[in-house]
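Observations on chain architecture
Now for the letters of each chain:
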Amino acid sequence: MSDQLFSVSGQHILITGGSRGIGRAIAEGFAARGAKVLICSRSQESIDAAVNEMQEAGMSVSGMTCDVSDPEQIKSTVAAAIDQMEHIDTLINVAGVNRRQRAETFTAADYDFVLDTNLRGAFLMSLEVGRHMIERRSGTQINIESLNTWMPLKGVLPYAMSKFGMQGMTRGLALEWGRHGIRVNSLAPGFVLTDLTKKLWSDPAMQAWNAANSPLGRLGQPDDMIGTAIFLASKASAFMTGQTLYVDGGFSSGWSWPIPLS
Ligand code: NAP
């Protein structure tokens, strides 16, 4: 008999940014374990490709386009998701974008581009799904943060601000919604190879820096995120809310410096 503690079988899951990278891996991880999954992202093409591949593998997955930077699309997507799946047990806010440049060169448009998706989009999505979960007196929300929540990296200031904000949102919603039976936690990935980061990690200097500083000595793969997401959505984490779990190969455990040790 399989262990029910970590089961997500039969759960209905809504994943923003579920077409590629970390969101896609998490979608497959849940669907392969018997959850009914609905993914959304901006591009119909990437949604169709992801849904077709997962359906061909026998998984219960559907998709719809939704740009989370548009509040109207959030409303209509959540309504359509509830219509289609009847209810949502778990929301996973994965959709995210980044712009890398010196702080003094960012414009209001850059700020809006990053924050409207990463923070305002996740916030409005959480509230829209949260109202449905409050009515049901049950639900789990998982937000995808970053190592930038732990310490900001140089060169990505609006992104770092969005992830700091997301941690505030996770903790604040956990405080307010615990009494409704809703848990809100975050998963903070370390450095993971995806479309968002592959150019950066093709640089040998970056690879050497990671190898020297990551306790596990490698970059993360999107699949590395599945276990923790499942833990946060399952009964195994029933007494946990308002927390951020770092899945980062140990990066945030401390500083490494090049002093030789005998
Ligand atoms: P990715 O490969 O670029 O995938 C991003 C996903 O988000 C895609 O499905 C994309 O699909 C969707 N998306 C982007 N903007 C959207 C919007 N406005 N509305 C709806 N969907 C949108 O990125 P990733 O590396 O998997 O990153 C996923 C999340 O993990 C992000 O929140 C990122 O900040 C976080 N993260 C990543 C890393 C890493 O090292 N990769 C580390 C820490 C945290 P469309 O293009 O079709 O919209």
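The structure contained in this document is the topic of the report that follows.

1. Digging into the overall build of the protein
On a plain count of helices and strands, the protein comes out with eight helices and seven strands. For 262 residues, the compact-globule formula gives about 18 Å, and the C-alpha radius of gyration of the protein, at 18 Å, lands near that figure. Each of the three principal axes of the protein carries a C-alpha extent, and together these read 55 × 50 × 40 Å. The buried share of the protein, taken over its 262 residues, is 49%. A separation threshold of at least 6 residues defines the contact pool for the protein, and within that pool the share at least 24 residues apart is 73%. A total of about 13000 Å² of accessible surface is found on the protein, and carbon and sulfur atoms cover 55% of it. Where the 22 positive side-chain charges of the protein centre and where its 25 negative ones centre are 5 Å apart.

2. What to know about the nonpolar core
Membership of the largest hydrophobic core comes to 31 residues, with the highest contact counts inside it found for Ile15, Ile26, Phe30, Val37, Ile39, Ile92 and Leu187. Broken down by secondary-structure element, the contributors of at least two residues to this core are β1 (12–16), α1 (21–31), β2 (36–41), α2 (44–56), β5 (139–144) and α8 (226–233). With residues up to four places along the chain from it excluded, the contact list for Leu187 reads Ile142, Asn143, Ile144, Glu145, Met225, Thr228, Ala229, Leu232, Leu245 and Val247.

3. Brief notes about the sheet that holds β2
Taken together, the seven strands give an open sheet; going across it, the order is β3-β2-β1-β4-β5-β6-β7, and neighbouring strands pair in parallel fashion. Edge strands, defined here as strands with exactly one partner in the open sheet, are β3 (61–65) and β7 (244–247). Averaged over all adjacent pairs, the angle separating strand axes in this sheet is 20°, with direction ignored. Relative to β2, β1 runs parallel, the two being bridged by five bridges.

4. Here we look at the site of the ligand
Close to the ligand lie 30 residues; Arg20, Arg42, Val94, Tyr159 and Thr194 are nearest. In this structure, Gly17 approaches the ligand through a main-chain N or O atom, which is 3.4 Å from an oxygen atom. At 2.7 Å from an oxygen atom of the ligand is found a side-chain nitrogen or oxygen belonging to Arg42. Within the complex, the protein chains bury 96% of what would otherwise be the 890 Å² of accessible surface of the ligand. In terms of residue class, the shell around the ligand is made up of 12 nonpolar, 12 polar and six charged.

5. Some words on the packing of α1 against α8
Viewed as axis vectors pointing N to C, α1 and α8 meet at an angle of 60°, and their least axial separation amounts to 9 Å. The angle between α1 and α8 places the two elements in the oblique class. By crossing handedness, the relation of α1 to α8 is classed as right-handed. Contacts between α1 and α8 involve Ala25, Ile26, Gly29 and Phe30 from the first element and Ile226, Ala229, Ile230 and Ala233 from the second. Taken together, the residues that form the contact of α1 with α8 break down as seven nonpolar, one polar and no charged.

6. Digging into the environment of Lys235
Mapped onto the elements, Lys235 comes out in the loop between α8 and β7. Through-space distance from the C-alpha of Lys235 to that of Ser7 is 7.5 Å; in sequence the pair is 228 residues apart.

7. Some words on the side chain of Thr228
Residue position: Thr228 is located in helix α8. Leaving out residues up to four positions away in the same chain, Thr228 has contacts with Leu187, Leu245 and Val247.

Rules used in this analysis
Residues numbered from 1 in each chain as written. Predicted model: local features only at pLDDT ≥ 70, side-chain atom pairs only at ≥ 80, totals over all residues. Heavy atoms only, no water. Helix = DSSP H or I, 4+ residues; strand = E, 2+ residues; numbered from the N terminus. Rg over C-alpha atoms; globule rule 2.2 N^0.38 Å. Buried < 20%, exposed > 50% of the residue type's maximum accessible area, 1.4 Å probe, protein only. Contact = heavy atoms within 4.5 Å. Areas by Shrake-Rupley, 256 points an atom, 1.4 Å probe, with all protein chains shown as cover. Lys, Arg positive; Asp, Glu negative; His and termini not counted. Charge placed at Lys NZ, Arg CZ, Asp CG, Glu CD. Core = buried A, V, L, I, M, F, W, Y, C linked by side-chain atoms within 4.5 Å. Pairing = 2+ DSSP bridges. Axes fitted to C-alpha atoms, helices over the stretch in contact; angles between N-to-C directions. Near = heavy atom within 4 Å. Polar contact = N/O pair within 3.5 Å; in protein donor to acceptor, adjacent residues only side chain to side chain. Nonpolar A, V, L, I, M, F, W, Y, C, P; charged D, E, K, R; others polar. Parallel < 35°, antiparallel > 145°, perpendicular 65-115°, else oblique. Left-handed = near helix turned anticlockwise from the far one by under 90°.

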